[in-house]
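Fold and geometry: a report
For reference, the chains in residue letters:
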Amino acid sequence: MHDEKRDQELFEKIVGHIGEFVEADVSHLAPDSHLATSIEGMSSLKMVELLLYMEDCFGLEFDGSVMDKFGTMRDLVTYIRDLQDAPQQPA
Amino acid sequence: MGVVCPLGPTVDDLWQGLVGGRSGIVPLTRFDPGRFRSRCAGQIDDAVVTFPPGPFQFEIKRMSAFVRYALFAADRALEDSFPPAAEDDRNAEEEPPSCPPGGAVFLGVAMGGLPSIEAGVLKQEQQGVRRTSPFLIPSLIPNMAASAIALRHGIEEEQMTIAGACASGTQALGQAMRAIRSGARTWALAGGVEAVTTPITYSGFEAMRALSGRDDPASTPRPFDRERDGMVVGEAAAVFVLEDRAHAEARGAVVHGELTGFATNGGCDGITAISPRHVARCMTGALADAAVGPDAIDCVFAHASGMIQGDAAELEALRSVTADARRKPIVTSLKGHTGHTFAASGPMNLVAALMALRHQTVPPTLKLEKPDPAFADMDIAREARTTEVRRCLVNASGFGGINAGLVVSRA
């Protein structure tokens, strides 16, 4: 069972980074909010760049195949948490 | 009309800089130019290129510089031509300028987002393919300047981008003029833009031996000077609202001048050389379109960029066009002030010509200190000259043997 407090903190961090990215207040976002429809002016190109921005923010590299599969904020939180927990692959 | 250039972000900045003999050429700062022979540029001050909130604000920030400069100049042109009515509660600092329906956009762009292409290639090689921005392609395609203007201002008729090298902007103005003349449009935004101050531009032009090697920005480029040694890269956007005269007068618009003639042609003796014969043919065509003879031209805003061959070829062409004229026009070039702004150079010339018509003053050819003896028979302005200016000829020529000319008259 995952740590709910940790997930909440991660969610808040992600909301903060999305706000920085779109330069707007996105405090209305909730775990069930859909990334594609809950952020004003979001487009498919912005979504790709947003995920690149998240990679930079968290020092991670997302798998290219999952980039199109994030539906809700919760999906993003789960993916980033799992990636943070994954053992580092040898170079 | 609207402009942003090395002399500033307003038409008055440009005009005051021209008549005051101010050079916008500086040691270039967009990258370290140490490995290049040419280390100067006519740069736009990005701090002044700002936009009120409005559609596509997020995307505009990610566009290559030429898109942002074109948008800025178009905003100024729209404000100039369609000022908000007194009762309009639009806050100019919070919304982009508005315009009536039925308009179109015609913009000349030669090299598009070359800085974005170069940066994109470097990022791909250094950080990997997947780090490429999804905005890379939209930011660099040459049409994005016209498209961004049209999208931001809700202009839903044709948006045309013309790539005719350094004649692009002049060709765009001519095409807009033809569309209005034909009755297809009552008004259009038209002009040109260029912003390619990036290393690959310098290496490419240096390989052609096209850039001035002078280090002192106060002494280069030198159009028509016997010590001219090439051009200096410049950045600019100049955009105009062109409109059917009756339509403009009916709505009480300020009319800066009247475009009465346009011609464009092709032909050169080499892929990049300027051909006197074809330039002369182009000038004659523009005059014929305006239904005037060479006597009627008071001033020629020359393409002259400080190139040895090009400056001489243009004056040879003018010499042949005016051979039988009773009076010879004054000739001037802006390039010593601004550098060569490529696709924007003709539209920049048009801004200067309209201001010359308004102020009855021909601006000087800056940095012309030692006139080439081969041009001794030509009346080249070396100082700002107050004189009667009723009609001007604007020239532009580009690689590939493209020439374009406009005749503009006092309103």
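Rules behind the numbers
Residues numbered from 1 in each chain as written. Chains lettered and ligands numbered in written order. Predicted model: local features only at pLDDT ≥ 70, side-chain atom pairs only at ≥ 80, totals over all residues. Helix = DSSP H or I, 4+ residues; strand = E, 2+ residues; numbered from the N terminus. Rg over C-alpha atoms; globule rule 2.2 N^0.38 Å. Buried ≥ 20, exposed ≤ 12 C-beta atoms within 10 Å, placed from the backbone. Contact = placed C-beta atoms within 7 Å. Axes fitted to C-alpha atoms, helices over the stretch in contact; angles between N-to-C directions. Parallel < 35°, antiparallel > 145°, perpendicular 65-115°, else oblique. Nonpolar A, V, L, I, M, F, W, Y, C, P; charged D, E, K, R; others polar. pLDDT = per-residue confidence, 0-100. Pairing = 2+ DSSP bridges. Core = buried A, V, L, I, M, F, W, Y, C linked by C-beta atoms within 7 Å.

Now for the overall build of chain B. When helices and strands are counted, chain B shows 13 helices and 15 strands. The globule rule puts the C-alpha radius of gyration for 411 residues at 22 Å, and the 20 Å found for chain B is close to it. Expressed as a percentage of its 411 residues, the buried residues of chain B come to 55%. Within chain B, counting contacts between residues at least 6 apart in sequence, those at least 24 apart form 78% of the total.

A few words now on unusual backbone geometry. Residues other than glycine predominantly adopt negative phi, and peptide bonds predominantly adopt the trans conformation. That bond from B:T220 to B:P221 is cis: its omega, -5 degrees, falls within 30 degrees of zero. Summarising the element assignment, B:P221 is placed in the loop between helix 8 (199–207) and strand 7 (236–243).

With that settled, consider the packing of helix 1 (residues 11–19) of chain B against helix 13 (residues 345–359) of chain B. Residues and elements named next belong to chain B. Taken N-terminus to C-terminus, the directions of helix 1 and helix 13 make an angle of 75 degrees; their axes are 10 Å apart at the nearest point. Considered as vectors, helix 1 and helix 13 are oriented roughly perpendicular to each other. In this structure, helix 1 contributes V11, L14, W15 and L18 to the contact, and helix 13 contributes V351, A352 and M355. Residues belonging to the contact of helix 1 with helix 13 are distributed by class as follows: 7 nonpolar, no polar and no charged.

Turning next to the interface of chain B and chain A. Each partner contributes to the interface: chain B provides 6 residues, whereas chain A provides 8 residues. Taken together, the residues that form the side of chain B that touches chain A break down as 3 nonpolar, 1 polar and 2 charged.

A word on the confidence of the model for chain B. Overall, the predicted model of chain B reaches an average pLDDT of 95, with 98% of residues at or above 70. Across the assembled chains, the prediction reports ipTM 0.86 with pTM 0.94.

Let us look at the packing of helix 7 (residues 168–181) of chain B against helix 13 of chain B. All names here are of chain B. The contact between helix 7 and helix 13 brings their axes to 5 Å, and the two run at 65 degrees. In terms of orientation, helix 7 lies roughly perpendicular with respect to helix 13. Along its contact with helix 7, which presents G169, T170 and L173, the element helix 13 presents S345, G346, P347 and L350. For the contact of helix 7 with helix 13, a count of residues per class yields 3 nonpolar, 4 polar and no charged.

Turning next to the sheet that holds strand 1 (residues 2–4) of chain B. All names here are of chain B. With mixed pairing, 5 strands are arranged side by side in an open sheet as 1-7-6-4-5. Only two strands of the sheet have a single partner each, and these edge strands are strand 1 and strand 5 (159–162). Sheet twist, expressed as the mean angle between neighbouring strand axes with direction ignored, is 10 degrees. Relative to strand 5, strand 4 (residues 105–109) runs parallel, the two sharing 4 bridges. For F106, the partnering residue across the bridge sits in strand 5 and is M160. Here helix 3 (residues 65–81) sits on the sheet in contact with strand 1, strand 4, strand 6 (187–194) and strand 7, set at roughly 35 degrees to strand 7. Running over the sheet, helix 6 (residues 144–153) touches strand 4, strand 5 and strand 6 and is turned about 150 degrees from strand 4.

For B:T220, the location among the structural elements is in the loop between helix 8 and strand 7. Between the C-alpha atoms of B:T220 and B:V26, which are 194 residues apart in sequence, the distance is 9.8 Å.

What follows covers the sheet that holds strand 8 (residues 258–266) of chain B. Residues and elements named next belong to chain B. Reading across the sheet, the 6 strands line up as 8-15-14-9-10-12 and stay open at both edges, with mixed pairing between neighbours. Strands with a single pairing partner mark the edges of an open sheet, and in this sheet they are strand 8 and strand 12 (379–380). In the sheet, strand 8 pairs with strand 15 (residues 402–409) via 8 bridges, with the strands oriented antiparallel. Note that in strand 15 the partner of F262 across the bridge is L406. Those strands touched by helix 10 (residues 276–289) are strand 8, strand 14 (391–398) and strand 15, and its axis lies near 150 degrees from that of strand 8.

In terms of residue burial, strand 6 of chain B counts as a mostly covered element, since 8 of its 8 residues are buried. In strand 6 of chain B, alternate side chains face the same way, and those of B:W187, B:L189, B:G191 and B:V193 on one face and B:A188, B:A190, B:G192 and B:E194 on the other are all buried.

This brings us to the nonpolar core. Within soluble globular proteins, side chains that are nonpolar generally end up buried alongside one another. Core analysis: the biggest nonpolar cluster contains 126 residues, and B:A70 and B:A237 have the highest contact counts within it. It is helix 3 of chain B that provides the largest number of residues to this core, a total of 11 residues. Other than its neighbours up to four places away in sequence, B:A70 contacts B:L107, B:A145, B:I149, B:V193, B:A237 and B:V239. A:I18, A:I39, A:L50 and A:I80 belong to the second-largest nonpolar core, a separate cluster that totals 12 residues.

Inspection of the secondary structure assignment puts B:A374 in the loop between strand 11 (361–362) and strand 12. Considered as a pair, B:A374 and B:E156 are 218 residues apart in the sequence and their alpha carbons are 50 Å apart.

All names here are of chain B. If you trace the backbone, I271 turns up in the loop between strand 8 and helix 10. Once the C-alpha coordinates of I271 and F31 are considered, the two residues, 240 residues apart in sequence, prove to be 29 Å apart. Those residues in contact with I271 that sit more than four places away from it in its chain are F399 and G400.

Let's shift gears to helix 1 of chain B. Residues and elements named next belong to chain B. Those residues of helix 1 not exposed but buried are V11, L14, W15, G17, L18 and V19. Of the surrounding elements, those touching the buried residues of helix 1 are strand 1, helix 12 (335–338), helix 13 and strand 11. Looking one or two places after helix 1, you find G21, whose phi comes out positive at around 70 degrees.

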